[in-house]
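The chain contents come next:
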Amino acid sequence: MVGRVRRRNPVTWVQRGGLSSVLFALPLLIIFGVFSWWPIVRSVVMSFQKTNLVGTPKWVGWNNFHYVLTDPDLPTAILNTLYFALLALVIGFPIPLVTAVLISSVRRRKGIYSVLAYLPVVVPPVVAVLLWKFFYDGSKDGVFNTMLGYVGLGPYQWLSSPDLAMPSLVVEATWAAAGGTVIIYLAALIGVPDELYDAAEVDGAGIWRKVWHVTMPQLRGVLLITFILQIIGTVQVFLEPYLFTGGGPAGATLTILLMIYDYGFGRSLGGNYGAATALSVMLAAFLAILSLVYFKLTSSWSKS
């Protein structure tokens, strides 16, 4: 005998709190939709339009994408963005991990060290950039040049040299953002069993062998997540190039997000918002595909 399909009684569903749950979540869903999803949809629509946000938009099809792809500054912006991301991974990815391991290994005053590591995150980004801009003064009386002058080096034009400008931005960005990742690693290190370290110590392992054979495998999942998040964050770098150098010198720090800003606000009075949103959509699509491929390739690693 075929079983009957059990139908839910609406009255019972309401009595069990189903309606109240929906009403409770409805404001959050509306706010999330209006302020998160609607701008995304609107950006996709604007990428196919020519508009200055004042007059009636005109549909132009793929012209905005063609305009962006044929812009002579685009290859420079892509290479600079990739260069920034690569430097940020080489410099900024291991530093928080090493800092977290060192803090977790000390026996006293871990809280103070954690606060000191996180302190740069609390500093407003604009204030941090102005502070480091003072440090990067290219004269011989600049802070960094004065310190290097004691050992016979410098002075260096940190922000005026095409070779030094991007590494200088990466150092400041690493200092400003590493504290949050340090806290994440410290929280993850709490879950590593002490028995593993004790067994490694019995086998004669030093601190670095413990890190490599115990800490790193136990943090594999967290490391994979922070890795892709750092890639996404560094590819969308804007604040440092905009406030430090404005894309200079000679386009050495021009990034993709800086181009988007220039399209919308910097190149004309009305703004080419169609080109700005077109480049934004292409960047978002690239990051989405990159994330999907990354999680697909690393799904087995995070579970092993």
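Figured I'd write up the structure that's included with this text. (Residues numbered from 1 in each chain as written. Predicted model: local features only at pLDDT ≥ 70, side-chain atom pairs only at ≥ 80, totals over all residues. Heavy atoms only, no water.)

Okay, the nonpolar core next. One broad trend across soluble globular proteins is that nonpolar side chains are buried collectively. Counting 21 residues, the largest nonpolar core has Val68, Met259, Tyr263 and Leu279 as the members making the most contacts within it. Listing elements by their share of this core, those giving two or more residues are helix H3 (63–69), helix H4 (74–92), helix H12 (220–235), helix H14 (256–266) and helix H15 (273–303). Sequence-distant contacts of Val68, that is, excluding residues within four places in its chain, are made with Leu74, Tyr263, Ala275, Ala278, Leu279 and Met282. (Core = buried A, V, L, I, M, F, W, Y, C linked by side-chain atoms within 4.5 Å. Buried < 20%, exposed > 50% of the residue type's maximum accessible area, 1.4 Å probe, protein only. Helix = DSSP H or I, 4+ residues; strand = E, 2+ residues; numbered from the N terminus. Contact = heavy atoms within 4.5 Å.)

On to helix H5 (residues 94–105), then. An α-helix turns once every 3.6 residues. As a result, residues three or four positions apart point the same way. Here H5 is twelve residues long and its end C-alpha atoms lie 17 Å apart, about the 16 Å a rise of 1.5 Å per residue gives. Burial in H5 covers these residues: Pro96, Leu97, Ala100, Val101 and Ile103. Burial along H5 is one-sided: seen end-on, the buried residues are contained in an arc of 165°. (Expected span 1.5 Å × (residues − 1). Arc of directions from axis to C-beta.)

Relative to the elements of secondary structure, Trp132 occurs in helix H7 (residues 125–135). Spatially, the C-alpha atoms of Trp132 and Val171 are 9.8 Å apart, while their sequence positions differ by 39 residues. Non-local contacts of Trp132, meaning those with residues more than four positions away in its chain, are made with Phe144, Val171, Glu172, Trp175 and Phe244.

By volume, the largest pocket amounts to about 590 Å³. Together, 27 residues line the largest pocket, and Ala173, Ala176, Ala177, Ala178 and Thr234 are the ones closest to its centre. Among the secondary structure elements, those contributing two or more residues to the lining of the largest pocket are H4, helix H6 (110–122), H7, helix H9 (165–190), H12 and helix H13 (239–245). If one sorts the elements of the lining of the largest pocket by residue count, H9 sits on top with eight residues. (1 Å grid on protein atoms, 1.4 Å probe; cavity = no way out; pocket = protein on both sides within 12 Å on 5 of 7 lines; lining within 4 Å. Points joined across faces, edges and corners; volume = space filled by probe spheres on them.)

Here we take up a nonpolar patch on the surface. On the surface, a cluster of nonpolar side chains totalling about 780 Å² of accessible area is made up of Leu19, Leu23, Leu26, Leu29, Ile30, Ile31, Val34 and Phe35. For Ile30, the location among the structural elements is in helix H2 (residues 18–46). (Patch = residues over 30% accessible without salt bridge, like charges linked within 9 Å, V, L, I, M, F, W, Y side chains within 5 Å. Areas by Shrake-Rupley, 256 points an atom, 1.4 Å probe, with all protein chains shown as cover. Salt bridge = Lys/Arg side-chain N within 4 Å of Asp/Glu carboxyl O.)

Further remarks concern unusual backbone geometry. Residue Pro249 follows Gly248 across a cis peptide bond; omega there is -5°. Mapped onto the elements of the fold, Pro249 is located in the loop between H13 and H14. A positive phi is found at Arg109, a non-glycine position, where the angle reads about 60°. In this fold, Arg109 is placed in the loop between H5 and H6.

Here Pro217 shows up in helix H11 (residues 207–218). Judged by its relative accessible area of 31%, Pro217 falls in the partly exposed class. In this structure, the C-alpha to C-alpha distance between Pro217 and Ala88, residues 129 residues apart in sequence, is 23 Å. When neighbours within four sequence positions are excluded, Pro217 is seen to be in contact with Val211 and Trp212.

Looking now at the side chain of Glu172. When you line up the elements, Glu172 lands in helix H9. Lacking a salt bridge, the buried Glu172 has Lys133 as its closest oppositely charged neighbour, with an N-O distance of 11 Å. Those residues in contact with Glu172 that lie beyond four places of it in its chain are Ala128, Val129, Trp132, Tyr136, Glu240 and Phe244. (Lys, Arg positive; Asp, Glu negative; His and termini not counted.)

This part is about the packing of H6 against H9. In contact at an axis separation of 6 Å, H6 and H9 are set at 135° when each is read in the N-to-C sense. In terms of axis orientation, H6 runs oblique to H9. As for the relative orientation of H6 and H9, their crossing is left-handed in sense. Listed contacts from H9 to Ser114, Ala117, Tyr118, Pro120 and Val121 of H6 are Trp175, Ala176, Gly179, Gly180, Val182, Ile183 and Leu186. For the contact of H6 with H9, the per-class residue count stands at nine nonpolar, three polar and no charged. (Axes fitted to C-alpha atoms, helices over the stretch in contact; angles between N-to-C directions. Parallel < 35°, antiparallel > 145°, perpendicular 65-115°, else oblique. Left-handed = near helix turned anticlockwise from the far one by under 90°. Nonpolar A, V, L, I, M, F, W, Y, C, P; charged D, E, K, R; others polar.)

In this section: the packing of H4 against H5. Two elements in contact, H4 and H5, have axes whose closest approach is 5 Å; the angle formed by their N-to-C orientations is 15°. Relative to H5, the element H4 is oriented roughly parallel. Counted together, Leu89, Val90, Ile91 and Gly92 of H4 and Pro94, Ile95 and Pro96 of H5 form the full contact between these two elements. Partitioning the contact of H4 with H5 into residue classes produces six nonpolar, one polar and no charged.

Within the structure shown, the criterion is met by 24 aromatic pairs. Consider the rings of Tyr242 and Tyr261, whose centres lie 5.0 Å apart with planes at 65°: the pair is edge-to-face. Here Tyr242 is found in helix H13, whereas its partner Tyr261 is found in helix H14, with 19 residues between them in sequence. The partly exposed category is assigned to Tyr242, whose relative accessible area is 35%. For the pair Tyr294 and Phe295, a centre-to-centre distance of 5.7 Å together with 75° between the ring planes defines the contact as edge-to-face. Under the relative-accessibility criterion, Tyr294 is labelled buried at 13%. Put simply, the rings of Trp132, Phe134, Phe135, Tyr136, Phe144, Tyr156, Trp158, Trp175 and Phe244 touch in pairs and so form one group of aromatic residues. (Phe/Tyr/Trp six-rings, centres within 6.5 Å; stacked < 30°, edge-to-face > 60°.)

So, to be careful, I would describe these as geometric facts and stop short of saying anything about function.
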